[in-house]
Amino acid sequence: MYLHWDGTYHTYQRFLPQLQGQLHDIDPAKIIFGTDGEKALMNAIDSCFPASIHTLCTRHLKENLRHNLKNCLTNPEVLNSIFSRSTGLLTIESDLAYKEIEKEIREKHSLPYLDAFLLKVQQEIFEARKKTNFGIPKLWTNNNNESYNNVIKLQTDWKIMK
């Protein structure tokens, strides 16, 4: 879904009740929102759809981690241990295995930003996937939505309106 105006909580707070009205027949606990982690949008979703499931775009998470570890020599190794399509933390589907791999990552890479990041990954990705019986793709991204948004912006000569 294309959601873009000015990126403020107020704007999302005005829009989401309209969506809520259209989704009245759906169990709110089965509604899944995937975002890039924009705080205003996440807060508005939490306000309008408190029982919904929220997940984060793994591409945005990876870019964020890469940025925060840009001066770290183990950067590629840390990224691979979390985002590898075959063995990364985000591909795990068992609580025990997840906890073991997360612990290995923490012990091997004692980095300032990493603990908070891993907590966010657990809460926003692993737990969301668990709630859906791992129905959310392992490395979900919002790339398709962003590509479509770009097409719309180009076709409509879109400009920020403030």
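Above this text sits the structure in question.
This write-up is about the structure you can find in this document. This structure is a prediction, so every number in the text was calculated from the model and none was measured.

### Describing the packing of helix α5 (residues 95-108) against helix α6 (residues 114-131)
- Relative to each other, α5 and α6 sit at 165°, their axes nearing to 12 Å. Considered as vectors, α5 and α6 are oriented roughly antiparallel to each other. For the element pair α5 and α6, the recorded crossing hand is right-handed. Contact residues: D95, Y98, E102, I105 and R106 in α5; L114, D115, L118, L119, V121, Q122, F126 and K130 in α6.

### Side note on the pairing of strand β2 (residues 53-56)
- By the alternation rule, side chains of β2 split into I53 and T55 and H54 and L56, which are all buried.
- Inspection of the sheet shows strand β1 (residues 32-35) paired to β2 by four bridges, in the parallel sense. Across the sheet, the residue bridging to I32 is I53, located in β2.

### Considerations on the pattern of salt bridges
- Taken as a whole and judged by the stated rule, the model has eight salt bridges.
- Note that R129 and E93 form a salt bridge whose closest N and O atoms lie 3.0 Å from each other. One end of the pair, R129, is in helix α6; the other, E93, is in the loop between α4 (75-83) and α5, and 36 residues separate them in sequence.
- Residue classification places R129 among the buried residues on the basis of a relative accessible area of 2%.
- Residue E93 is classed as partly exposed on the basis of its relative accessible area, which comes to 42%.
- E102 is paired through a salt bridge with R106; the nearest N and O atoms lie 3.1 Å apart.

Definitions and cut-offs
- Residues numbered from 1 in each chain as written.
- Predicted model: local features only at pLDDT ≥ 70, side-chain atom pairs only at ≥ 80, totals over all residues.
- Heavy atoms only, no water.
- Axes fitted to C-alpha atoms, helices over the stretch in contact; angles between N-to-C directions.
- Helix = DSSP H or I, 4+ residues; strand = E, 2+ residues; numbered from the N terminus.
- Parallel < 35°, antiparallel > 145°, perpendicular 65-115°, else oblique.
- Left-handed = near helix turned anticlockwise from the far one by under 90°.
- Contact = heavy atoms within 4.5 Å.
- Buried < 20%, exposed > 50% of the residue type's maximum accessible area, 1.4 Å probe, protein only.
- Pairing = 2+ DSSP bridges.
- Salt bridge = Lys/Arg side-chain N within 4 Å of Asp/Glu carboxyl O.

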